[in-house]
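Chain by chain, the residues run as shown.
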Amino acid sequence: MHSIFLPALAVSFLLISWTGTAFAYSYAEAEDPMVKLFKTAIAAATDGNWNEVSGLAKKGIALQQNHIFPANHIAPRIENTVSEKNISKTAEHFANLVYLSIREKLHQNRKENLSNYKNSKARLQLAYKSYLDVLDGNVKKQDTARSSTIIAQFKTALDGLGNPGLFGIGKKSPDMVKYDQAVKSIEDHIVKTFPGFSR
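Residues numbered from 1 in each chain as written. Predicted model: local features only at pLDDT ≥ 70, side-chain atom pairs only at ≥ 80, totals over all residues. Heavy atoms only, no water.

**Structural notes on the overall build of the protein chain**
- Within the protein chain, the secondary structure is distributed over seven helices and zero strands.
- Order of helices (α) and strands (β) in the protein chain, N terminus to C terminus: α-α-α-α-α-α-α.
- The burial tally for the protein chain puts 48% of its 199 residues in the buried class.
- For the protein chain, the share of sequence-separated contacts (at least 6 apart) that also reach a separation of at least 24 residues comes to 72%.
- Carbon together with sulfur atoms contributes 55% to the accessible area of the protein chain, which is approximately 9,500 Å² in total. (Helix = DSSP H or I, 4+ residues; strand = E, 2+ residues; numbered from the N terminus. Buried < 20%, exposed > 50% of the residue type's maximum accessible area, 1.4 Å probe, protein only. Contact = heavy atoms within 4.5 Å. Areas by Shrake-Rupley, 256 points an atom, 1.4 Å probe, with all protein chains shown as cover.)

See the structure below:
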């Protein structure tokens, strides 16, 4: 499979930003640990610090340990690309870790039946931000309509969380079907751009 993480793009897609209004990043001002690890790994690989990349890979695998979507199966793939000093493939595998982290947040909400609006919204915000920071640049380069669809589906998922309202005013119950359909659409559209991603 031809990798879309070409060396010339390995750093540029880190700079993607989004100023949409549907998500207010009060909580998601913070950066997901997997996104931080991804950026550090790409910088280390670009500088030729492959021992550091190997260590960061182990840390990324550990971050998904005992989660809904463990990443142990990605470890040998990363070690192979590290031994080959292949920056593009290494970037793709670390991006796969970010994708698993995004899925983790989306599915953890569902596992809890969207029962805690504040926690569910915080996870969704961080998943959305992680998508924009790491994956959307490449999605957009391949298909701008697909990028727009994924962003719209994140907003649909947000609507599916419902809303507790203010003192009960404007209260809206969670819509599990809407949320589930949005999450599936997000996942399916992402892997159209990244068919090599492990799910």
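Moving on from the coordinates now.
**Observations concerning the side chain of S101**
- Examined against the element boundaries, S101 turns out to sit in helix α4 (residues 87-111).
- For S101, a relative accessible area of 5% corresponds to the buried category.
- Within the structure, the side chain of S101 is placed 3.3 Å from the side chain of D32, a separation counted as a polar contact.
- Residues within four places of S101 in sequence aside, it is in contact with D32, M34 and Q64. (Polar contact = N/O pair within 3.5 Å; in protein donor to acceptor, adjacent residues only side chain to side chain.)

**Considerations on the pattern of salt bridges**
- Here the structure, examined in full by the defined rule, presents 13 salt bridges.
- Residue K178 pairs with D159 through a salt bridge whose shortest N-O separation is 2.5 Å. Of this pair, K178 sits in helix α7 (residues 176-193) while D159 sits in helix α6 (residues 144-160); the two residues are 19 residues apart in sequence, bridging distant segments of the chain.
- The network of salt bridges with common partners includes D159, K172 and K178. (Salt bridge = Lys/Arg side-chain N within 4 Å of Asp/Glu carboxyl O.)

**Quick notes on helix α5 (residues 117-142)**
- Along α5, the sharpest change in direction is near 60° and occurs at L135.
- Within α5, 19 of the 26 residues are buried, which leaves the element mostly enclosed by the surrounding structure.
- Where α5 begins, one side-chain oxygen reaches toward the backbone nitrogen of K118, 3.2 Å away; that side chain belongs to N116. (Bend = angle between axes of the 7 residues up to and from the residue.)

**Re the nonpolar core**
- Counting 50 residues, the largest nonpolar core has F94, L106, Y131, L135, F154 and I190 as the members making the most contacts within it.
- Broken down by secondary-structure element, the contributors of at least two residues to this core are α1 (33-46), α2 (50-63), α3 (75-84), α4, α5, α6 and α7.
- With nine residues, the top contributor of residues to this core is α4.
- Excluding residues within four positions of it along the chain, L106 makes contact with L124, A127, F154, Y179, V183 and I186. (Core = buried A, V, L, I, M, F, W, Y, C linked by side-chain atoms within 4.5 Å.)

**Here we look at the packing of aromatic side chains**
- Taken as a whole and judged by the stated rule, the model has four aromatic pairs.
- Ring geometry for Y131 and F154: centres 5.8 Å apart, planes at 35°, overall tilted. A residue pair is termed long-range when its members are at least 10 positions apart, and Y131 in helix α5 and F154 in helix α6 qualify at 23 residues. Accessibility classification places Y131 together with F154 in one group, the buried group. (Phe/Tyr/Trp six-rings, centres within 6.5 Å; stacked < 30°, edge-to-face > 60°.)

**Details of the layout of surface pockets**
- Of the volumes computed, that of the largest pocket is approximately 180 Å³.
- As for the largest pocket, its lining consists of D32, P33, M34, L63, Q64, H67, S101, E104, K105, Q108 and R123.
- Every element with two or more residues in the lining of the largest pocket is listed here: α1 and α4.
- The leading source of residues in the lining of the largest pocket is α4, at four residues.
- Taken together, the residues of the lining of the largest pocket break down into three nonpolar, four polar and four charged. (1 Å grid on protein atoms, 1.4 Å probe; cavity = no way out; pocket = protein on both sides within 12 Å on 5 of 7 lines; lining within 4 Å. Points joined across faces, edges and corners; volume = space filled by probe spheres on them. Nonpolar A, V, L, I, M, F, W, Y, C, P; charged D, E, K, R; others polar.)

**Notes on the packing of α2 against α4**
- Close contact between α2 and α4 brings their axes to 10 Å; oriented N to C, the two are set at 20°. Classified by the angle their axes make, α2 and α4 are roughly parallel. As α2 packs across α4, the resulting crossing turns out to be left-handed. Of the residues in α4, those in contact with W50, V53, L56, A57, G60 and I61 of α2 are I87, T90, F94 and L97. (Axes fitted to C-alpha atoms, helices over the stretch in contact; angles between N-to-C directions. Parallel < 35°, antiparallel > 145°, perpendicular 65-115°, else oblique. Left-handed = near helix turned anticlockwise from the far one by under 90°.)

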